[in-house]
Amino acid sequence: MYAGVMWRRASVTLPLTLGLLLGGCAIAPRAPAPARLGLKLAPAALGTSISVQQHLTVERNGRTDDLDVALQVEPEAIDVVGLAFGQRVLTLHYDGKELTSWRHVMLPSQVRAEDVLEDMQLTLWPAAAVAAALPQGWRIAEQGLGRTLYLDEEPVMRISYSGMPRWSGTVVLENIRYHYKLTIQAAPNTD
């Protein structure tokens, strides 16, 4: 049902998921980076159902890329569709147990669905849900309209929100490990 709704929308968008498409995963870090967390929180851990459209702008190495995405989260599943230049480049479905995805052949091989899901959940899910799933050495701190992810007390990612809920307004993510900045602008609600 949700896939049909997503496909009928002419302009679709989402946070973070595709920031890695254009930003972080495709860039080799300057120093050896720790392994990914492997974070896979249950869809229900978000605590609500959402259907959002957003526009992403990724800045890195003096270059700016834009992407449109759609995110649908229900207690039983997460669905993501990403578009670049009007063409579908990624779909992702996660039911809390199994992650399935499709990617355009031109999408860089470094862009992994697991990483997209992880960054999306680090940004949108409640800090308490993220903290409960973090391995030893990692922690997340939230203060006001911002959060920071740490590894061994070194900041790895900083996220700031223009307001609440976290998926509305503007979100700015600075990925310190992969040296990129992602700005996520919520599309106006046309309902």
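Rules used in this analysis
Residues numbered from 1 in each chain as written. Predicted model: local features only at pLDDT ≥ 70, side-chain atom pairs only at ≥ 80, totals over all residues. Heavy atoms only, no water. Helix = DSSP H or I, 4+ residues; strand = E, 2+ residues; numbered from the N terminus. Buried < 20%, exposed > 50% of the residue type's maximum accessible area, 1.4 Å probe, protein only. Contact = heavy atoms within 4.5 Å. Areas by Shrake-Rupley, 256 points an atom, 1.4 Å probe, with all protein chains shown as cover. Phe/Tyr/Trp six-rings, centres within 6.5 Å; stacked < 30°, edge-to-face > 60°. Lys NZ or Arg CZ within 6 Å of the ring centre and 35° of its normal. Expected span 1.5 Å × (residues − 1). Pairing = 2+ DSSP bridges. pLDDT = per-residue confidence, 0-100. Axes fitted to C-alpha atoms, helices over the stretch in contact; angles between N-to-C directions.

## Quick notes on the overall build of the chain
- Each helix and strand in the chain was counted, giving four helices and 10 strands.
- Every one of the 191 residues in the chain was classed for burial, and the buried ones make up 49%.
- For the chain, the proportion of contacts with a sequence separation of at least 24, taken over those separated by at least 6, is 54%.
- Split by element, the accessible area of the chain, about 9300 Å² in all, is 52% carbon and sulfur.

## Regarding the packing of aromatic side chains
- By the definition in use, this model includes zero aromatic pairs.
- Positioned above the aromatic ring of Trp102, the side-chain terminus of Arg88 is 3.9 Å from the ring centre.

## Some points on helix H3 (residues 113-124)
- The first and last C-alpha atoms of H3 sit 16 Å apart over 12 residues, in line with the 16 Å expected at 1.5 Å per residue.
- Most of H3 is tucked away: 11 of the 12 residues are buried.
- Along H3, the residues classified as buried are Ala113, Asp115, Val116, Leu117, Glu118, Asp119, Met120, Gln121, Leu122, Thr123 and Leu124.

## Considerations on the pairing of strand E8 (residues 154-161)
- Here strand E7 (residues 146-151) runs beside E8; their pairing, made up of six bridges, is antiparallel. Bridging from a neighbouring strand, Leu149 pairs with Met157 of E8.
- Here E8 pairs with strand E9 (residues 170-175) via five bridges, running antiparallel. Along E9, the bridge assignment pairs Arg158 with Glu174.

## Digging into unusual backbone geometry
- Cis rather than trans, the peptide bond between Met164 and Pro165 has omega equal to 0°.
- In this fold, Pro165 is placed in the loop between E8 and E9.
- Non-glycine residue Phe85 carries a positive phi angle of around 55°.
- As for its placement among the helices and strands, Phe85 is situated in the loop between strand E3 (77-84) and strand E4 (87-94).

## A closer look at the confidence of the model for the chain
- When pLDDT is averaged along the chain, the result is 80, and 77% of the positions lie at 70 or above.
- Model confidence for the chain, summarised as mean pLDDT per element, is weakest for helix H1 (residues 2-8) at 38 and strongest for helix H4 (residues 127-133) at 96.
- Contacts of residues 1-33 to residues separated by more than four positions or lying in other chains number 108 contacts, the stretch itself having pLDDT below 50.

## A short note on the sheet that holds E3
- Strands sit in the order E5-E4-E3-E2-E1-E10-E9-E8-E7-E6 across an open sheet of 10 strands; the sheet is antiparallel. The open sheet has two edge strands, strand E5 (99-103) and strand E6 (138-143), and neither has a second partner. Here the average twist between neighbouring strands, direction ignored, is 15°.
- Contacts from H3 reach strand E2 (63-74), E3, E4, E5, E6, E7, E8, E9 and strand E10 (180-186) within the one sheet, and its direction differs from that of E4 by about 75°.

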